[in-house]
Amino acid sequence: MQPLYQHDLAYIHATASSDLARGAAPEIVRLLKSASIPIRKVLDVGCGSGPLTSALADAGFDVTGIDPSTELLAIARASVPKARFINASVYETAIPACEAVLAVGESLTYHENSDGDRLVENFFRRVADVLPIGGILIFDVIELGSSSSESLTRKFWSSGEDWAVLVETTEDRESRTLVRNIDTFRRTGELYRRSREVHRVRMFDSRVLCDQLAAVGFATSMLQSYGERQLPPRRRAFFSTRAMPSRGDNPPKK
């Protein structure tokens, strides 16, 4: 599989596509600081170039960012020297001890094949095994729409001083996937270098996710915003608190 967010797209993403993480940061910091237990260590899954990681570190949290993109992590390491970073997929590496796990900005939706459901369900179990009672899991996904829901098939174009990007998204509801064909144009001297990436993104049934979370001991609420920061169409944010021991935990002593 070709690595995602290579050099040019990583630069454009860091420059122009971090609004959701930045907009969500104040509400997430508020929730962590008002949690029922002290939140000290936070794992930022799919941290990208580090906009949320930076806000968490500035708020005094001990933050570890994880992302499979080497290029995005290079930007994050330079911009957030106080944080630790792991260059890996969260599905293929151990989840470090922490009191909160975040996966903001569709981090859990990138899947090349139909294993996405199994990987995400297993991720919930692994997070439950790490978090203490009162620990927090916050994430967002793209919802599987009904026949009357707004289609996510579309094209859009954006540009900056030294870059441009064209994205064509095709939705296939039967296979529950979005395919994003992303063409980037990055200025090098007097010319522009063109690159292409193809991202395959999975859509999820929110009710199924809530059932999976409950099965491993999470109490969950869902919203379409992080505080004042509204999510795009057919996105849903999940706010989960570990409320009871997950399967495999030792039962409490009487």
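About the criteria used
Residues numbered from 1 in each chain as written. Predicted model: local features only at pLDDT ≥ 70, side-chain atom pairs only at ≥ 80, totals over all residues. Heavy atoms only, no water. Helix = DSSP H or I, 4+ residues; strand = E, 2+ residues; numbered from the N terminus. Rg over C-alpha atoms; globule rule 2.2 N^0.38 Å. Contact = heavy atoms within 4.5 Å. Areas by Shrake-Rupley, 256 points an atom, 1.4 Å probe, with all protein chains shown as cover. Lys, Arg positive; Asp, Glu negative; His and termini not counted. Charge placed at Lys NZ, Arg CZ, Asp CG, Glu CD. Pairing = 2+ DSSP bridges. Core = buried A, V, L, I, M, F, W, Y, C linked by side-chain atoms within 4.5 Å. Buried < 20%, exposed > 50% of the residue type's maximum accessible area, 1.4 Å probe, protein only. Axes fitted to C-alpha atoms, helices over the stretch in contact; angles between N-to-C directions. Expected span 1.5 Å × (residues − 1). Bend = angle between axes of the 7 residues up to and from the residue. Phe/Tyr/Trp six-rings, centres within 6.5 Å; stacked < 30°, edge-to-face > 60°. Lys NZ or Arg CZ within 6 Å of the ring centre and 35° of its normal. pLDDT = per-residue confidence, 0-100.

### Some points on the overall build of the protein chain
- The secondary structure content of the protein chain amounts to six helices and 13 strands.
- Its C-alpha atoms give the protein chain a radius of gyration of 18 Å, near enough to 18 Å, the size a compact globule of 254 residues would have.
- The long-range share in the protein chain, meaning contacts at least 24 apart out of those at least 6 apart in sequence, stands at 64%.
- Accessible area for the protein chain stands at about 12700 Å²; split by element, carbon and sulfur atoms hold 51% of it.
- Between the averaged position of the 32 positive side-chain charges in the protein chain and that of its 32 negative side-chain charges there is a distance of 4 Å.

### Some points on the pairing of strand β9 (residues 191-202)
- Pairing between strand β8 (residues 177-188) and β9: 12 bridges, direction antiparallel. The partner of V179 across the bridge, within β9, is R200.
- Taken together, β8 and the strand that follows it, β9, pair antiparallel across an intervening segment of two residues, in which G189 is found at a positive phi of about 70 degrees.

### Here's the deal with the nonpolar core
- Counting 29 residues, the largest nonpolar core has I28, L32, L56 and Y226 as its most contacted members.
- Only α2 (19-33), α3 (51-58), α4 (70-79), β4 (100-103), β5 (136-142) and β13 (235-242) provide two or more residues apiece to this core.
- For this core, the element with the most residues is α2, which contributes seven residues.
- Residue contacts for I28: discarding those within four places in its chain leaves L52, L56, L102, V104, I138 and Y226.

### A look at the sheet that holds strand β7 (residues 163-172)
- Strand order in the open sheet formed by four strands is β6-β7-β8-β9, and the pairing between neighbours is antiparallel. The sheet is open, and its two edges are formed by β6 (154-159) and β9, each paired on a single side. Averaged over neighbouring strand pairs, the angle between their axes works out to 15 degrees when direction is ignored.
- Against the sheet, helix α1 (residues 7-16) contacts β7, β8 and β9, and its axis sits at roughly 95 degrees relative to β8.

### A closer look at α2
- Given a rise of 1.5 Å per residue, 15 residues ought to cover 21 Å, and the 22 Å separating the end C-alpha atoms of α2 matches this to within 8%.
- Maximal helix bending in α2 amounts to about 40 degrees, located at A25; proline P26 follows within four positions.
- Residues of α2 that are buried include every one of L20, A21, A24, A25, E27, I28, V29 and L32, and no others.

### Let's talk about the packing of aromatic side chains
- Inspection of the entire model under this criterion finds seven aromatic pairs.
- Judged by centre distance (6.4 Å) and plane angle (80 degrees), the rings of Y91 and F123 are edge-to-face. Residue Y91 is located in the loop between β3 (84-87) and β4, and its partner F123 is located in helix α5 (residues 116-130); the two are separated by 32 residues in the primary sequence. Considered together, Y91 and F123 belong to a single accessibility category, that of buried residues.
- Seen from their ring centres, F123 and F124 are 6.2 Å apart, and the 55 degrees between their planes marks the pair as tilted. Neither residue differs from the other here; F123 and F124 are each classed as buried.
- Here a set of aromatic residues connected by ring pairs shows up, and it is made of Y91, F123, F124, F139 and F238.
- Here the guanidinium or amino end of K33 rests over the ring plane of F61, the centre of that ring lying 5.1 Å away.
- We note R176 situated over the ring of F204; from NZ or CZ to the ring centre the distance is 6.0 Å.

### What to know about the confidence of the model for the protein chain
- Mean pLDDT over the protein chain: 94, with 96% of residues reaching 70 or higher.
- A low-confidence stretch, residues 250-254 stays under pLDDT 50, and its non-local contacts, those more than four residues away or across chains, total zero contacts.

### A word on the environment of S36
- If you trace the backbone, S36 turns up in the loop between α2 and β1 (41-45).
- Take S36: its relative accessible area is 65%, and that puts it in the exposed class.
- Spatially, the C-alpha atoms of S36 and L137 are 13 Å apart, while their sequence positions differ by 101 residues.

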